[in-house]
Amino acid sequence: MPASQHNFSIDQGSSFSLVLTNKDNDGVVIDLSNYCARLTMTTNAGTTYTFSTENNDLSQYKFYIEGNLGKISLLIPASTTNQYTFDSANYDLELQSPNDHYVDGGKYTERILYGVITINKRFSKSSTLLDCST
């Protein structure tokens, strides 16, 4: 199935969540157990960011799959989005199956989503984030 296009925005300095449920053409949830995912974006300034479900540094982002629900979630904290100084980025979201495409052909990989991410800049230009813990 060809990848779908979806454009979205991220508010600079705000927490961001992208939650998707992968379904087939009949609307049936596709089991993503033991899959991995990668979202790669290249900014208009030429910088590339890669988000992977294999990431262990949760201070930068959390990217995970709930396999039996077909759910893919990318969570980016405000501390990370506050550092985004670019205006827009093109992105691709890929999934990789635990199964080989064919013998000696590597794992089955497909791009499921692509598009443009726009950064909505903060008016305050504050370098500090809201902290209500004090």
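One can find the structure itself at the top, above this paragraph.
Residues numbered from 1 in each chain as written. Predicted model: local features only at pLDDT ≥ 70, side-chain atom pairs only at ≥ 80, totals over all residues. Heavy atoms only, no water.

Caption draft 1: Main features of the packing of aromatic side chains. All chains considered together, the criterion is met by six aromatic pairs. A ring pair is formed by Tyr49 and Phe86, whose centres lie 5.8 Å apart and whose planes are at 40 degrees; its orientation type is tilted. Of the two residues, Tyr49 sits in strand S5 (residues 48-52) while Phe86 sits in the loop between helix H1 (78-81) and strand S8 (88-100), which places them 37 residues apart along the sequence. Given the relative accessible area of 27%, Tyr49 is considered partly exposed. Positioned over the ring face of Tyr64 is Lys62, at 5.0 Å from the centre of the ring. (Phe/Tyr/Trp six-rings, centres within 6.5 Å; stacked < 30°, edge-to-face > 60°. Helix = DSSP H or I, 4+ residues; strand = E, 2+ residues; numbered from the N terminus. Buried < 20%, exposed > 50% of the residue type's maximum accessible area, 1.4 Å probe, protein only. Lys NZ or Arg CZ within 6 Å of the ring centre and 35° of its normal.)

Caption draft 2: Structural view of the side chain of Asn22. One can find Asn22 in the loop between strand S3 (16-21) and strand S4 (36-43). The contacts of Asn22, once residues within four sequence positions are left out, are Val28, Val29, Ile30, Leu32, Gly70 and Leu95. (Contact = heavy atoms within 4.5 Å.)

Caption draft 3: Summary view of the nonpolar core. Among the nonpolar cores identified, the biggest contains 26 residues, and Leu39, Met41, Phe51, Phe63, Leu74, Tyr84 and Leu93 are the most heavily contacted of them. Contributions of two or more residues to this core are made by strand S2 (8-11), S3, S4, strand S6 (62-66), strand S7 (71-76), S8 and strand S9 (107-120). (Core = buried A, V, L, I, M, F, W, Y, C linked by side-chain atoms within 4.5 Å.)

Caption draft 4: Spotlight on the environment of Asn55. Locating Asn55 in the fold gives a position in the loop between S5 and S6. For the pair formed by Asn55 and Gly70, sequence separation is 15 residues and the distance between their alpha carbons is 19 Å. Polar side-chain contacts of Asn55 include one of 3.0 Å to the backbone nitrogen of Asp57. (Polar contact = N/O pair within 3.5 Å; in protein donor to acceptor, adjacent residues only side chain to side chain.)

Caption draft 5: The pairing of S5, seen in detail. Pairing geometry for S4 and S5, over five bridges, is antiparallel. When the sheet's bridge partners are listed, Leu39 is paired in S5 with Phe51. In this antiparallel pair of consecutive strands, S4 and S5, the connection spans four residues, and Gly46 shows a positive phi of 95 degrees. (Pairing = 2+ DSSP bridges.)

Caption draft 6: View of the sheet that holds S6. Spatially, S3-S7-S6 is the arrangement adopted by the three strands of the open sheet, whose pairing is antiparallel. At either margin of the open sheet sits one strand with a lone partner, and together these are S3 and S6. When strand polarity is set aside, the average angle formed by the axes of neighbouring strands in this sheet is 10 degrees. With five bridges connecting them, S6 and S7 associate as antiparallel partners. (Axes fitted to C-alpha atoms, helices over the stretch in contact; angles between N-to-C directions.)

Caption draft 7: Expanded view of the environment of Gln83. Structurally, Gln83 can be placed in the loop between H1 and S8. Counting along the chain gives 36 residues from Gln83 to Thr47, while the straight-line C-alpha distance between them is 13 Å.

Caption draft 8: Expanded view of the layout of surface pockets. As a volume, the largest pocket reaches approximately 350 Å³. Breaking the lining of the largest pocket down by element, the ones donating at least two residues are S3 and S9. Element by element, the count of residues in the lining of the largest pocket is highest for S9, at five residues. Its residues placed into classes, the lining of the largest pocket shows 12 nonpolar, three polar and three charged. (1 Å grid on protein atoms, 1.4 Å probe; cavity = no way out; pocket = protein on both sides within 12 Å on 5 of 7 lines; lining within 4 Å. Points joined across faces, edges and corners; volume = space filled by probe spheres on them. Nonpolar A, V, L, I, M, F, W, Y, C, P; charged D, E, K, R; others polar.)

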